[in-house]
Each structure stands twice: as C-alpha cells, then as structure tokens.
Amino acid sequence: MGKTLVQKIAERASGVKDVQPGMIVTVNVDIAMMHDSTGPRRIGKTMEKLGRKVWNPDKVVLITDHFTPANDSVEAEILRITREFAKAQGIKRFHEAEGICHIVPVEMGYVRPGMMYVGADSHSTTAGAVGAFAIAVGSTDMLGIMVTGQTWIKVPETIRVTWKGNLPKGAMAKDMMLALISKMGGDGATYQAVEYTGTAVERLSMDERLVLSNMSIELGAKAGVIAPNQIVFDYLAERGVTEFDAVYADGDANYIREVVMDASALRPLVAKPHAPENVDTAKNLEDEGVRIHQAYIGACTGAKFTDLEAAAQVLRGRHVAPGVRLLVAPASVRVFRQAVEAGIVTTLLEAGAQFLPTGCGACAGLGHGILAAGEVCISSTNRNFPGRMGNRQSSVYLGSPATVAASAVAGYVADPATVAGTDAIGTEVAAVARGVAE
Ligand SMILES: CC(C)[C@H](C(=O)O)[C@@H](O)C(=O)O
Ligand code: SF4
C-alpha cells in the first residue's frame, strides 16, 4: 500500500521504516517556530533553570507579532523577554515586528517542501502550503523541542480533499475553506491530515495556498498539506531557495476519506457568529441586511498581498459607507511594501481605510481594532468565536477580503458582485486567486 505525503515526511524525519497512521514516532524537527505569546516568556525560565540552550539556533524562528507594538507595560515586558532570549540563544532568525509568525517563515524561504515544521501556535499548519508536514504544539512541547530538536507525533490518517473545476470570478481561497468547514464541520478532520488537490488547488497562488493550510486547523486537522508544484518552486526560487526534497503521496496511498468539492459552483461565503462552520452565502446575508460597524482586513489568513489586492479591486473608485470603519493590518512589512509599490495602499486610503501596524492586531483581540459591545464586524480573519475580537458582546462575520471590502462599501454584509459588479472585480480577482494569468 502506498503512502500519503505526511506519512512519507514522518518516515524521513523519524528514520523509522514503514511508518503507518496511528504509530507514535519521534521526529527530528527541521524548523521550530515560536512567537512572543507562546515562546520565551513561557519557556525561557525553565530553560535557564535546566541550564539548557537551544539545540540548534539556526533551526529556530522567533517572531514578535501578537504583542507588537506593545499596548501596555506588560506587553512591552514580554517583548523585552523575547528579544533577550533571541540574543542569549544566538537566534539569527529573530523577526521583530516584521510580520505574522505564519507568513514570515514562508516569505523568507525558511520553510521548504519535505520539511518537518513545528510551530507553537495553532495555525502553524499554514506551512503545509509549501509541502511541509507542519504541525502545532503547545509551549510545553516546544520546550522539549528547543532542548532536544525532537518531538513525538502520532502519525495522522489523511483525508484527501479534491477541488475540481476552477474558481469563478470573485471567489477566493477563503470561500473554498468556508465551504469545506461548513461541509465537514469544525471537528470534521480532528487529528487527521488534510491533503488538498484538484485543478482549482493546483492553480492557486502561493498566497492563496496558505489560506487552505492555515484554516485546516478550523477543521480540527493536525496538518493541511498541498503537494508543491511549479507555482511553489517559482515562489521559492524568487527567494533564492532551490535546494529541498519535495515529497509526494504515492498514487495508491491510503486515504481515510475522500471529499470532492466543486470550485466552479462556489459563491462568496460568510461565516456567521460564532463559528467558522456557521456558513451562508454573502448574497443571502446581503438580502437579510446585516449592518456592520467595522470591516477588518488582517491576520495570517487574510492580509497577504493577494488579499489587499482583492480588496483594492473592490474599493477602487468607491468609498467606505458612513458609520463604518475599515481597518487594514498587512500580514507583514514585506506585504505592506509590495502594496505601497503596487499603488494598493493609495487605493485603500482613498476609499477611507485606516492602516494599522503589521501583526496579529485585533484578530485575537490583542492589538488595535477591538470591538465595543453590540458591534458587528466583518473580518478576513479565520476565527469568530465569542469574544475573539476582544468583546464577548460583539459579533464577527468572516469572509474573503473581497467580501469584507464590499461590505465596507455597502455598510452591511454584501456580495462583492453586488458592490463592484461581477466583471469589475471578477477577472482580476479571479486571476489573482487562481495564481495564473488567464
Ligand atoms: C495566541 C496564540 C497561542 C493563538 C494560537 O495558538 O492560535 C493565536 O495565534 C490564535 O490565533 O488564536
Ligand atoms: S493573525 Fe490571528 S490567527 Fe494568525 S497567528 Fe495571529 S492571532 Fe493567530
């Protein structure tokens, strides 16, 4: 019987022959990522007590994103601890306020196909988009990894999700994931790996692939992987990365479940409060007239270059509705710079957007952009649990950046086609989303 992508990486990383789902193996970690919230402030003291150093500082990536820039003295202290840890441990891949922890390792070319990647953050599955076996661990496990360079995993079964057809105009990877989460449920892939395949996936840009892997955790998945193709290789080559060992599932690999989705039937979707699986079409909600106070374009899943570009397609020549705040927190400084160079920042500013510092921001109720009681926000982020954006009495709807932008203009949850016309946004957004020129 053939093997799945994650089975093969687990085999390589553990050195165990014939790794099967359900087996517990010890793997050597290729990259361990921590951030300001889960990293040094939680494990630094214990490492000091044990008198232990990081096993290999070159394999550690440390990011500040959750608490930067600091809002109060507690956060400032956490940032100081993080900075000092990086220095004391000789961690060169320390990125302070340069972007969100799931974006920076990809855009820096640290994470490569075939790698065993471990991150101390639930959305660490994001790195699966380059063909790595990327999993999330808690701080205690990360402490063990920091000291030994190893961790244990129970090798997951794999669900294959095939997206046939092509994304229609205006639909994005976020809509693909909302459709899938709605179909499978928030626990639909608990402790299983999801392998995404099919024509719609193969054509996705790197930015859009990241959304599939990122939001796999909203299915409860252990990992969300995509076999790397030329789009990924080109992305890596642009970063000078040409050496890696890409891994592919065998043709006769054993999948625990097959899910087939039709991309061409996809319409812009929105997750209603208070769960990503609570999905309806943007059009249905538009007909209901759900008024919004805030529109938020941010987070690891929804503020990459492609996301800002999609928002700009909708917002060009339009303005945010009176009484609505449109907040934009780019996913990284690099994204921000690219958006400046492409004129996207000007477009968004002219439409009435307010820019926030790069980082996690209001996504998890930490930075600027927290909601008041009774307020409604539509957001390009990945979670809308009660209180997620800082107030348990607020409501958060999730949509693609195109849907968020359209809603900001309308003043209520809206389908991008209604606001900008299918053709106006369609071709360009769809081409961007597909990652290839038409
Ligand atoms: C704060 C951090 C531990 C958390 C996570 O692990 O996911 C956050 O990034 C989130 O998105 O909820
Ligand atoms: S942007 Fe949001 S989802 Fe992503 S790592 Fe930060 S808090 Fe978590």
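Residues numbered from 1 in each chain as written. Chains lettered and ligands numbered in written order. Predicted model: local features only at pLDDT ≥ 70, side-chain atom pairs only at ≥ 80, totals over all residues. Heavy atoms only, no water.

## Observations regarding the packing of aromatic side chains
The geometry of an aromatic ring pair is captured by the separation of the ring centres together with the interplanar angle, meaning the angle of the planes.
Alright, step 1. Following the criterion strictly, the structure yields two aromatic pairs and no others.
Alright, step 2. Their ring planes at 20° and their centres at 5.6 Å tell us that Phe233 and Phe244 sit as a pair that is stacked. Pair noted here: Phe233 is in helix 9 (residues 230-238) and Phe244 is in the loop between helix 9 and strand 11 (257-262), with a separation of 11 residues, a long-range link.
Alright, step 3. According to the relative accessible area criterion, Phe244 is partly exposed, its value standing at 27%.
Alright, step 4. Ring centres of Phe336 and Phe355 lie 5.3 Å apart, and the angle between their planes is 20°; on these two criteria the pair is classed as stacked. Of the two residues, Phe336 is situated in helix 13 (residues 333-341) and Phe355 in strand 16 (residues 353-355); the sequence distance between them amounts to 19 residues.
Alright, step 5. By relative accessible area, which is 26% here, Phe336 ends up partly exposed.
Alright, step 6. Just above the ring of Tyr110 sits the side chain of Arg93; from NZ or CZ to the centre is 4.0 Å.
Alright, step 7. Seen from the ring of Tyr235, Arg239 lies directly overhead, with NZ or CZ sitting 3.6 Å from the centre. (Phe/Tyr/Trp six-rings, centres within 6.5 Å; stacked < 30°, edge-to-face > 60°. Helix = DSSP H or I, 4+ residues; strand = E, 2+ residues; numbered from the N terminus. Buried < 20%, exposed > 50% of the residue type's maximum accessible area, 1.4 Å probe, protein only. Lys NZ or Arg CZ within 6 Å of the ring centre and 35° of its normal.)

## So, the site of ligand 1
Alright, step 1. Every residue close to ligand 1 is listed here: Ser37, Thr38, His66, Asp121, Ser122, His123, Arg383 and Arg388.
Alright, step 2. With respect to ligand 1, the side chain of Ser122 contributes an N or O atom lying 2.5 Å from an oxygen atom.
Alright, step 3. Side-chain polar atom of Arg388 to an oxygen atom of ligand 1: 2.7 Å apart, as the coordinates give it.
Alright, step 4. For ligand 1, whose unbound accessible area comes to 310 Å², protein coverage reaches 74%. (Near = heavy atom within 4 Å. Polar contact = N/O pair within 3.5 Å; in protein donor to acceptor, adjacent residues only side chain to side chain. Areas by Shrake-Rupley, 256 points an atom, 1.4 Å probe, with all protein chains shown as cover.)

## Remarks on unusual backbone geometry
Alright, step 1. In this structure, the amide linkage connecting Thr68 to the following residue, Pro69, adopts the cis form with an omega of -10°.
Alright, step 2. Mapped onto the fold, Pro69 is located in the loop between strand 3 (60-64) and helix 3 (73-89).
Alright, step 3. Of note, the bond from Pro273 into His274 is cis; its omega dihedral lies within 30 degrees of zero at 0°.
Alright, step 4. Positioned with a positive phi, Asp18 is a non-glycine residue whose angle comes to about 55°.
Alright, step 5. In this fold, Asp18 is placed in the loop between helix 1 (5-14) and strand 1 (24-28).
Alright, step 6. Residue class for Asp18 comes out partly exposed when judged on its relative accessible area of 44%.
Alright, step 7. Phi at Tyr191 is positive, roughly 50°, even though this residue is not glycine.
Alright, step 8. Assignment of secondary structure puts Tyr191 in the loop between helix 6 (173-184) and strand 9 (193-197).

## Topic: the environment of Ser216
Alright, step 1. The residue Ser216 is located in the loop between helix 8 (206-214) and strand 10 (223-226) in this model.
Alright, step 2. We classify Ser216 as buried; its relative accessible area is 0%.
Alright, step 3. Sequence separation between Ser216 and Ser124 is 92 residues; the distance between their C-alpha atoms is 9.9 Å.
Alright, step 4. Those residues within four positions of Ser216 in sequence are excluded, and the remaining contacts are Met177, Tyr196, Ala221, Ala223 and Gly224. (Contact = heavy atoms within 4.5 Å.)

## Focus on the sheet that holds strand 9
Alright, step 1. Strand order in the open sheet formed by four strands is 10-9-8-11, and the pairing between neighbours is parallel. Each of the sheet's edge strands pairs with one partner strand only, and the pair in question is strand 10 and strand 11. Sheet twist, expressed as the average angle between the axes of neighbouring strands with direction ignored, equals 20°.
Alright, step 2. One ladder, built from five bridges, connects strand 8 (residues 158-164) with strand 9; its direction is parallel. If you follow Ile159 over to strand 9, its bridge partner there is Val194.
Alright, step 3. Set on the sheet, helix 6 makes contact with strand 8, strand 9 and strand 11; between it and strand 11 the angle comes to about 130°.
Alright, step 4. Docked against the sheet, helix 8 engages strand 9 and strand 10, running at close to 150° with respect to strand 10. (Pairing = 2+ DSSP bridges. Axes fitted to C-alpha atoms, helices over the stretch in contact; angles between N-to-C directions.)

## Considerations on the side chain of Asp30
Alright, step 1. Tracing the sequence through the fold places Asp30 in the loop between strand 1 and strand 2 (31-35).
Alright, step 2. Taking the relative accessible area as the measure of exposure, Asp30 reaches 18% and is therefore buried.
Alright, step 3. A polar side-chain atom of Asp30 sits 2.9 Å from a polar atom in the side chain of Arg12.
Alright, step 4. A polar side-chain atom of Asp30 sits 2.7 Å from the main-chain amide nitrogen of Met116.
Alright, step 5. What Asp30 contacts, discounting residues up to four positions off in sequence, is Arg12, Lys59, Gly114, Met115 and Met116.

## Section: the UniProt feature "binding site: [4Fe-4S] cluster" (unreviewed entry) in the protein
Alright, step 1. With numbering matched to this structure, UniProt assigns "binding site: [4Fe-4S] cluster" (unreviewed entry) to Cys300, Cys360 and Cys363. In summary, the annotated positions, though distributed over 64 residues, converge in three dimensions, the widest C-alpha pair being only 9.1 Å.
Alright, step 2. Checked against the element boundaries, Cys300 lands in helix 11 (residues 299-302).
Alright, step 3. For Cys363, the location among the structural elements is in the loop between strand 16 and strand 17 (376-379).
Alright, step 4. Ignoring any residue separated from it by four or fewer positions in sequence, one finds Cys363 in contact with Tyr296, Ala299, Thr381, Asn382, Arg388 and Met389. (UniProt positions renumbered as here; feature names shortened; annotations may be inferred.)

## So, the environment of Arg12
Alright, step 1. Among the secondary structure elements, Arg12 is positioned in helix 1.
Alright, step 2. Residue Arg12 is classed as partly exposed on the basis of its relative accessible area of 41%.
Alright, step 3. The spacing of Arg12 and Glu277 is 265 residues in sequence and 35 Å in space, taken between C-alpha atoms.
Alright, step 4. The contact partners of Arg12, leaving out residues within four places of it in the chain, are Asp30, Gly114, Met115 and Met116.

## Re the pattern of salt bridges
Alright, step 1. Applying the stated rule across the entire model yields 15 salt bridges.
Alright, step 2. Between Arg12 and Asp30 there is a salt bridge whose closest N-O contact spans 2.9 Å. Taken together, the residues span a long stretch of sequence, with Arg12 in helix 1 and Asp30 in the loop between strand 1 and strand 2 at a distance of 18 residues.
Alright, step 3. With a closest N to O distance of 2.8 Å, Glu375 and Arg325 form a salt bridge. Taken as a pair, Glu375 in the loop between strand 16 and strand 17 and Arg325 in strand 15 (residues 325-328) lie far apart in primary sequence, 50 residues in all.
Alright, step 4. On the basis of relative accessible area, Arg325 is assigned to the partly exposed category, the value being 32%. (Salt bridge = Lys/Arg side-chain N within 4 Å of Asp/Glu carboxyl O.)

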